[in-house]
Amino acid sequence: MKKIIVVGNGMVGYKFCEKLVASSESKNFKITVFGEEPRPAYDRVHLSAFFENQDAKALEMAPAAWYKENNIDLIVDEKVDNIFRTTKTIITAKSRQLTYDYLVLATGSSAFVPPIKGVEKEGVFVYRTIEDLEGMLGYAAKLKAKNPHARAAVLGGGLLGLEAGKAVMDMGLEPHIVEFAPKLMPRQLDARSSKVLQLKLESIGLNIHLNKATQQILGEEAIVGMEFGEEDILDVEMLVVSAGIRPRDELGVICGLTMGARGGIVVNNKMQTSDEHIFAIGEVALYNEMIYGLVAPGYDMADVAVNQIISKVACQMPDEIDMSTKLKLIGVDVASFGEPFMPASKGHSIIFENKTQHLYKRINISLDGKSLLGGILVGDASDYNMLHQVYLNGMKIPEDPSQLILPASEGGSSFGSVLELPDTAQVCSCESISKGDICSSITEGGCNNLGDVIDKTKATTGCGGCKPMVTDLINETLKSLGKEVKETICEHFDYNRQALYDLVKVSQVSDYEEVLNTFGKGHGCEICKPLVASIFATVTMETPNRQPTIQDTNDRFLANIQRNGTYSVVPRVAAGEITPDQLIVIGEVAKKYDLYTKITGGQRIDLFGAQVHELPMIWKELIAAGFESGHAYGKSLRTVKSCVGATWCRYGMHESVTFAIDIENRYRGLRSPHKLKGGVSGCIRECAEARGKDFGLIAVEGGWNLYVCGNGGATPKHAVLLAEQLDDETVVKYLDRFLMFYIRTAGPLVRTAPWLDKLDGGIAYLKQVVVEDSLGIAEDLEIEMQGLVNRYECEWKQAIESEEVMKRFKHFVNSDDTDDTIEFVPMRDQKKPKAWV
Amino acid sequence: MATIQVLQGFISLPKETYFYQPLKFKTMQEILEKYKSVSEENVNQWFKVGKTEDFPENTGACIKYKTKQIAVYNFVRTGKWYATQNLCPHKMEMVLSLGMIGDKDGIPKVACPLHKKNFSLEDGTNLAGEDLKIATYPVKIIDGNVYIGFLE
C-alpha cells in the first residue's frame, strides 16, 4: 500500500481526498491529511453564510466521521514544518515524522497584507478563516456597545473585499470600501459595469472610496482612522484587509522546489512540482505562470493529481483555464465569462446599460458575428449559465446577437430549450458534471427530482451557481419523458394552492365537501383539508368554528396541542403591551387551572397543560377580563413584536408600540399559508428584531422602512427592504398588498422567505407588484384585505357563545370522565408532562 | 383553593421523586398491550357507545369502554364506521380520535395530529410502511345506535 500525505485541509485538499477514495484504486493507498486550522475542511466560498447561522458545522465539506469511514487519518491543528525530499519524510510542528510515497501540497493561500504603517494595530483583521470571522464579530460587538454608529472599512474593492464589505454590514457597522484602483472589481469588470455596480452598492448603504492609496493607519493601540494623504482621512474603528492573496508556499521554499518569481510552487500540467513525487494543487500552485484563486480550477487540479497518482496519466490540466465566474455580491448578481475585456481588434461589443435599475450587460462577439467570446453581467445574471454554455461550446448565436442580452419581450428567452445544449456541456463546473450526466441520471438512473439528482451526481454542491440551470434541465428532461412536473396539493387535487384558491373564490362553493366533489377526487386527507380551510378563511373570513373537522387539531380546538395531549392557551397581547390588571388576571387563571406559564418569544404569555374540557372555562374568564384569542394555534398572524419606542426610549424616533398595536390589531385572525410574524422597531438599533420577521418596520428619519420576507426558525433569513421612508398610511397600504399577494399565491406551509426565493424576479418583482402596481391588482388586494379586517371576530368569543361548538370540548363522547392517562411531574415550582418512554 | 394545595404538594416533594419516567414507559407499554384488534366473528361483547348523531361527521371522536379509550370514526363520505385504539403508538399519546381522516390511494385512514403518522382504518397498519400498528375494532349501527365489538 502506498502512502499519500496531503498537506492542507481546505476545499481543494478535501476534494483530493474525496476523488481518491471514490476512485477504483483507493484501496491501494493510505491517506494522511494535515490541517493547520482547528477544524476539518469547510466551504470558504460561502464563509459569509457563517453570519446567518454562526454554525461552523453547516459549512463543513464533510464531517470528521467521513474521514474515519474512508480510512483517512485527519490530523487538524497541526502544521507541517519541513519536508526532507531525499528520505521522503515530513516533520510537523509537534515533531511528528511521517514518510510518504506521494506528497500533495494543498496549503492554499493567505490574505496579502500590504506593508502600510500601523497595519499591526488592534482592530485590523483579514478575512480568510472562521477564526478571522469570529475575531471580527467579537470586536464589532465591543465597538457597537460603545458606539452604535461605529464605522468599519474594508481595504480592497475586489471580489473578496466586497464579500468582506457584506460581512461588515451584516455585523451592523457602517461599511466603507477603500480601493486603490479607480474602479471596483478591477480584474473582472470594465469601467462602465464597475460604475453600475458601485451605484447599486451605494444605494444599499455601502460607502465607496476609489483611487485611495492608504498611507498609514491612525490610532494609539487600536485603529481610529486611515490616512490617504494630507487632510484626507477616513475615521474608522475597524479595518478588514482584503487586498489580495499570497500562496502559502513556505514549504516549497524550504525544501527547494522550483518557485515562481513572485511566489507559488511551479507545477506542470500533471500538477507535479519540480520533484515528481510532490504535487501542488489549488492556490499554492503556479500553473501557466498564474495562481488561480477560484474553486473550480482548484477542483480540476485535485482531479488531475488523483489521476496521475493512480497512473491514469492521460488526465492532464488543459492549457487554458476558464475563469468565468458568477456570484451574488451583497444581493447583487455579478458575472463575467470568457474574455470580458476584449480589444476592438478581435470583435465587437454589444452593451446594454440601465443605470436607474442598476443593470449592465456586455457581450463580445467575434468579428464575423458568429461566436460569443465573452461578456460581463451586473445586476441581473440570470442569463449567465446559458451565455456561458454558448461561449464554452462555441454554439451558434442568433443573427441579431443583441437578443442574447436585451430584456426578453414576450415569450421569454431567446436561447430556446436547455435541452439543445450538447451532452458534453459542463453544467456544474465545480464538480465537472455535464448536461449528459444530469439527463442520464433521470433517464437511466431513476432520479425524479432535484434532490435525487443532487444525491446521485453531486451537481450544485460546490458554489451552487448552476442550480437554476440544473433545475431547468431536470424539468425539461422529465417533461420530455412525458412525466408531469406539476406542483399539486396532494393526491386529491390536481391543482396547486394558488389555482385552487382562484377556483374557490370564483365558483362560490360553500364548504370543503363541495370543493372536494367539484374540483377533487377521493376522500381528502390531512394535507388538503387544512389547506382548503385556509382558503375559506381568506375568501370568506370564516373562523375554524364553521368547518371544524377539516381544521388541523390546533384550529379545531382553538389551542395548541402539546405532548401528552394537553393544550396551551395564549391570549393576544398586542405588541406586548399589557396592563398590571391583565397580568393579574392571567396569573389568577393560571393558578386556578394549575397551568405552567412561560413568556413566549413573541412577547406574550403561554399557559400550558390545560385539558380539553378546561379550555372553555379558561377562555370564559379571559374573555370576561377583555382578552381575545391570540391565534397562536393557527397558520395566521401571530404577533407584531415591538421595542418600547419613542414614548420611553431616549433613542426612539417614532412610536413603535402604538404602531405595532395598530398593525397587530389590523391583521389579527388573518389566516395565511403559514404563520406570520411582524416587528416594529423605533430606530435602527432594531431591538424588536423586525428584520427577523415576515414583515418588519424600522423607524428612520422621515418615516418607516418596510422590510419583508424574513424569519427565524430552522433557516434564518433577514427580511429585505421593500420600500423606504413611508408614512403610516402607506405602510398599511403596502402591507395590505404584500400580505394579500402572499396569501393568494404561496404554496401550503410556505413562509414568506422561501416564497420570495421562488418568486420569479425576486424582490425586484415584488417591489413592482406592491409599490408600482405592475399587475394592476393593488386596489383589489387592498379591498380584499379591508374586507377581512372588517369581518374579524374573536373565534373564542364565538365558541363560548355557541352550545354547538361547546360540545366539541369534551374528551369522551359517552362519558364525562376526563383522560386519566394525562400525568404531570413537578419541575422548578411548576409542572411538566410526564415524559414519553 | 384546591389547586393551590395541589401546587404546594408538588413543591414539598423530595427531589429524587422527580425522576420516575421509566415507570411511565412500563405503564404505557402495558396500556398499549391492552389494545388488540378484534374481528367481527370473535366479538363476545357489543358495547353501545351512543347514538349516531353523537358522532361528528367525517372525523373521529373518543369513547370509553372499561379502561380502554377507543376512537370512533363516522366516515360519512363512504357511509362506513370505523373504530381503532385512541393511543398513537409512535409517541404513546391518546390523540388519534383528534386526527383528520381521509384516504390514501383509496384506503381509508387517520392521520395522527401530533406527527401526522398515517394509519389504515381498515386494518390499522402504518401507511408509510413503518413498524407501527394500531388495533381496530368492528362497529355496527342498529336503530341509530352505535355499537363497538370487544372480546370481553
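So, how was this worked out
- Residues numbered from 1 in each chain as written.
- Chains lettered and ligands numbered in written order.
- Predicted model: local features only at pLDDT ≥ 70, side-chain atom pairs only at ≥ 80, totals over all residues.
- Contact = placed C-beta atoms within 7 Å.
- Helix = DSSP H or I, 4+ residues; strand = E, 2+ residues; numbered from the N terminus.
- Nonpolar A, V, L, I, M, F, W, Y, C, P; charged D, E, K, R; others polar.
- Pairing = 2+ DSSP bridges.
- Buried ≥ 20, exposed ≤ 12 C-beta atoms within 10 Å, placed from the backbone.
- Core = buried A, V, L, I, M, F, W, Y, C linked by C-beta atoms within 7 Å.
- Arc of directions from axis to C-beta.
- Right-handed = clockwise from strand over helix to strand, strands pointing away.
- pLDDT = per-residue confidence, 0-100.
- Axes fitted to C-alpha atoms, helices over the stretch in contact; angles between N-to-C directions.
- Left-handed = near helix turned anticlockwise from the far one by under 90°.

A.B. asks: I'd love a proper account of the interface of chain A and chain B, names of residues and values included.
C.D. replies: Contact with chain A, which involves 32 residues of that partner, is made by 44 residues of chain B. Counting residues per element, the ones that place at least two in the side of chain A that touches chain B are α18 (580-592) and β37 (824-827) of chain A. By residue class, the composition of the side of chain A that touches chain B is nine nonpolar, 11 polar and 12 charged.

A.B. asks: So what about the sheet that holds strand β28 (residues 560-561) of chain A? Which residues, and what values?
C.D. replies: Residues and elements named next belong to chain A. Across the sheet, which stays open at both edges, the four strands sit in the order β28-β29-β31-β30 with antiparallel pairing between neighbours. Edge positions in the open sheet fall to β28 and β30 (596-599), since each of these has one partner strand only. Looking at chain direction, β28 and strand β29 (residues 567-569) are connected through two bridges and run antiparallel. Residue pairing across strands places Asn560 opposite Ser568, the latter belonging to β29.

A.B. asks: If you had to explain unusual backbone geometry to someone new, which residues and values would you point to?
C.D. replies: The phi dihedral of His631 of chain A falls on the positive side, at around 55 degrees, and the residue is not glycine. Along the chain, His631 of chain A falls in the loop between α19 (615-624) and β32 (637-642). Phi at Lys116 of chain B takes a positive value of approximately 60 degrees, unusual for a residue other than glycine. Secondary-structure assignment places Lys116 of chain B in the loop between β8 (107-111) and β9 (118-120). Here Lys116 of chain B falls in the partly exposed class, since 15 other C-beta atoms lie within 10 Å of it.

A.B. asks: Describe the nonpolar core, naming the residues involved and giving the relevant values.
C.D. replies: Residue and element names in this part refer to chain A. Ranked by size, the top nonpolar core spans 70 residues in total, and within it Phe16, Val104, Leu105, Ile281 and Ala305 carry the most contacts. Discounting chain neighbours no more than four positions away, the residues touching Leu105 are Val7, Gly8, Leu251, Gly252, Ile265, Ile278, Phe279, Ala280 and Val284. Judged by nonpolar contacts, the second largest core, of 64 residues, contains Val126, Leu162, Ile217 and Leu372.

A.B. asks: Give a detailed account of α19 of chain A, specifying residues and quantitative values.
C.D. replies: All names here are of chain A. Considered for burial, the residues of α19 that qualify are Leu615, Ile618, Trp619 and Leu622. Buried residues of α19, seen end-on, are gathered within an arc of 95 degrees and therefore sit on one face of the element. At its buried positions, α19 is contacted by β29, α18, β31 (605-610) and α25 (795-800). Two residues or fewer past α19, Gly626 is found with a positive phi of approximately 95 degrees.

A.B. asks: Give a description of helix α23 (residues 762-770) of chain A that names residues and reports values.
C.D. replies: Residues and elements named next belong to chain A. Those residues of α23 that fall on the buried side of the exposure criterion are Leu766, Val769 and Val770. On an axial view of α23, the arc spanned by its buried residues comes to 85 degrees, and they lie on one face. On its buried side, α23 packs onto β36 (720-726), α21 (728-745) and α22 (752-758).

A.B. asks: Give me the pairing of β37 of chain A: which residues, what numbers.
C.D. replies: Moving residue by residue along a regular strand, the side chains alternate between the two faces of the sheet. Residues and elements named next belong to chain A. Direction of pairing for β37 relative to strand β38 (residues 830-833): antiparallel, over a ladder of four bridges. Its bridge partner lying in β38, Pro826 is registered against Lys831. Two successive antiparallel strands, β37 and β38, enclose a turn made up of two residues, where Arg828 displays a positive phi of approximately 40 degrees.

A.B. asks: Describe the pairing of strand β33 (residues 676-681) of chain A, with residues and values.
C.D. replies: All names here are of chain A. Burial analysis of β33 places six of its six residues in the buried class, the great majority of the element. Residues of β33 alternate between two faces, with Leu676, Gly678 and Val680 on one and Lys677, Gly679 and Ser681 on the opposite face, all of them buried. Alignment of β32 against β33, held across four bridges, turns out to be parallel. Following the sheet pairing, Lys641 is matched in β33 by Gly679. On the question of chirality, the crossover connecting β32 to the parallel β33 by way of helix α20 (residues 656-667) is left-handed. Across four bridges, β33 lies against strand β34 (residues 695-700) in parallel orientation. Counted as the bridge partner of Gly678 is Phe695 from β34.

A.B. asks: Could you give an account of the confidence of the model for chain A, with specific residues and numbers?
C.D. replies: A residue-level look at chain A finds 97% of positions with pLDDT of 70 or above and a mean pLDDT of 88. Below pLDDT 50 for its whole length, residues 409-414 of chain A participates in five contacts with residues either more than four positions away or in separate chains.

A.B. asks: Could you give an account of the confidence of the model for chain B, with specific residues and numbers?
C.D. replies: All names here are of chain B. In the predicted model, chain B carries a mean pLDDT of 80, and the fraction of residues at 70 or more is 82%. Below pLDDT 50 for its whole length, residues 1-26 participates in 18 contacts with residues either more than four positions away or in separate chains. Both scores are available for the predicted complex, with the pTM at 0.52 and the ipTM at 0.80.

A.B. asks: Outline the sheet that holds strand β9 (residues 124-126) of chain A, listing residues and values.
C.D. replies: Residue and element names in this part refer to chain A. Taken together, the five strands give an open sheet; going across it, the order is β9-β16-β10-β11-β12, and neighbouring strands pair in parallel fashion. Taken across any chain shown, the strands that pair with only one partner, and hence form the sheet edges, are β9 and β12 (207-209). Strand after strand, the sheet turns through a mean of 25 degrees between neighbouring axes, direction not considered. By the bridge criterion, four bridges tie strand β10 (residues 151-155) to strand β16 (residues 238-241) in an arrangement that is parallel.

A.B. asks: Help me get a handle on the packing of helix α11 (residues 435-443) of chain A against helix α12 (residues 450-457) of chain A, residues and values and all.
C.D. replies: Any two packed helices are characterised by how steeply their axes cross, that is the angle between the axes, and by the distance between the axes. Residues and elements named next belong to chain A. The N-to-C vectors of α11 and α12 enclose an angle of 115 degrees; their axes lie 10 Å apart at closest approach. In the crossing of α11 with α12, the sense of the turn from one axis to the other is right-handed. Contact residues: Asp437, Ile438, Ser441 and Ile442 in α11; Val453, Lys456 and Thr457 in α12. Within the contact of α11 with α12, the residues separate by chemical class into three nonpolar, two polar and two charged.

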